[in-house]
Amino acid sequence: MILANTGNSDRTAHQRHAPVGLEPQRTITPPRDAGEPVSGTPGHPRTLRLAVHRPDPGVVVVPVGGEIDLAAAPRLGEMVRQRLTAAALRAVVLDLTDVTFCSSAGLELLLHAQRRAECRRTPLYVVFGTGAVLRLITLTGLADRFTSRATTAHAIADIRRHHL
C-alpha cells in the first residue's frame, strides 16, 4: 500500500496514514455521578465489596471483593486504617481471595497497611487467594513482605495459637 501526502500537514501521523473514511472515532465518557459506586455498578463483579467480621475479641477480618484500582483504593485504605487504629486490636486479617483486579494503587495500599501494622505491633495477615493479587505480589517479588495464609480460617487459627 502506498500512501501519498495530501498536503494536510495539520493532521496527525495516525490520521494521515488511516484509510479515508476509517479514521478513529473518539468517545467521551461522562464523569461519575456522586451516587455511583466507586467502581462498576451495584452487584457487578467489578464493584469493590468490603465487609468486616469479628470472629474473636480483638480480631478483625476484612473480606474484599471486586477490583482495587485508583478509584477504589482510598475507600479500602480508610477501612483498613480505621481497623488498625482500634484500641483493643489483637490482629487483622485482610482476605483478598475475591479480588479480581489489583492495580499499583492497591499494591501501595497493601504496603502502607503492612507498615502501619508493624508500627502498631499488630499482626496483619493477608490471604492472597489464587487470583489477581497473588499474581501481582509474585511478579513484584513482594510476597515475603507480608504474613500470608492460604485461607482466612488458617489465619484465624494462627492468631488463636500465637496471639492470645
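Below you will find a few notes about this structure. Note that this is a predicted model, so its numbers are computed, not measured.

## A closer look at the nonpolar core
Link 1 in the chain: Within the largest apolar cluster, 32 residues are counted, with the highest numbers of intra-cluster contacts made by Val64, Ile68, Leu94, Leu96, Leu110, Val133 and Phe146.
Link 2 in the chain: Among the elements of the structure, strand E3 (59–68), helix H2 (73–84), strand E4 (91–102), helix H3 (104–120), strand E5 (124–127) and helix H4 (132–140) are those that each provide at least two residues to this core.
Link 3 in the chain: No other element matches H3, which puts seven residues into this core.
Link 4 in the chain: What Phe146 contacts, discounting residues up to four positions off in sequence, is Leu110, Leu111, Gln114, Val126, Phe128 and Ile137.
Link 5 in the chain: Counting nine residues, the second largest nonpolar core, distinct from the first, contains Val61, Val93, Val127 and Ile159.

## Structural notes on the pairing of strand E2 (residues 53–56)
Link 1 in the chain: In this sheet, E3 lies alongside E2 in antiparallel orientation, the contact comprising two bridges. When the sheet's bridge partners are listed, His53 is paired in E3 with Val61.
Link 2 in the chain: If you look at the hairpin formed by E2 and E3, you'll find two residues sitting between the two strands, and Gly58 has a positive phi there, around 80 degrees.

## Focus on the pattern of salt bridges
Link 1 in the chain: On inspection of all chains with the given rule, the structure shows five salt bridges.
Link 2 in the chain: Notably, a salt bridge pairs Arg145 with Glu118, separated by 3.6 Å at the nearest N-O pair. Highlighted residues: Arg145 in the loop between H4 and strand E6 (147–148) and Glu118 in helix H3, separated in sequence by 27 residues.
Link 3 in the chain: Notably, a salt bridge pairs Arg149 with Asp158, separated by 2.9 Å at the nearest N-O pair.
Link 4 in the chain: What you see here is one network of salt bridges that share partners, running through Arg149, Asp158 and Arg161.

## Comments concerning the environment of Val60
Link 1 in the chain: Turning to its location among the elements, Val60 is positioned in strand E3.
Link 2 in the chain: Its relative accessible area of 5% is what places Val60 among the buried residues.
Link 3 in the chain: Placed 31 residues apart in sequence, Val60 and Ala91 show a C-alpha to C-alpha distance of 6.5 Å.
Link 4 in the chain: Each residue touching Val60, except ones within four places of it in the same chain, is listed here: Val52, His53, Arg54, Arg83, Leu89, Ala91, Val92 and Val93.

## A word on H2
Link 1 in the chain: An ideal rise of 1.5 Å per residue puts 16 Å on 12 residues; H2 measures up with 16 Å between its terminal C-alpha atoms.
Link 2 in the chain: Those residues of H2 that sit buried are Ala73, Leu76, Met79, Val80, Arg83 and Leu84. With its buried residues spanning 135 degrees around the axis, H2 presents them on a single face.
Link 3 in the chain: Tucked inside the fold, the buried residues of H2 contact strand E1 (49–50), E2, E3, E4 and H3.

Calculation criteria
Residues numbered from 1 in each chain as written. Predicted model: local features only at pLDDT ≥ 70, side-chain atom pairs only at ≥ 80, totals over all residues. Heavy atoms only, no water. Core = buried A, V, L, I, M, F, W, Y, C linked by side-chain atoms within 4.5 Å. Buried < 20%, exposed > 50% of the residue type's maximum accessible area, 1.4 Å probe, protein only. Helix = DSSP H or I, 4+ residues; strand = E, 2+ residues; numbered from the N terminus. Contact = heavy atoms within 4.5 Å. Pairing = 2+ DSSP bridges. Salt bridge = Lys/Arg side-chain N within 4 Å of Asp/Glu carboxyl O. Expected span 1.5 Å × (residues − 1). Arc of directions from axis to C-beta.

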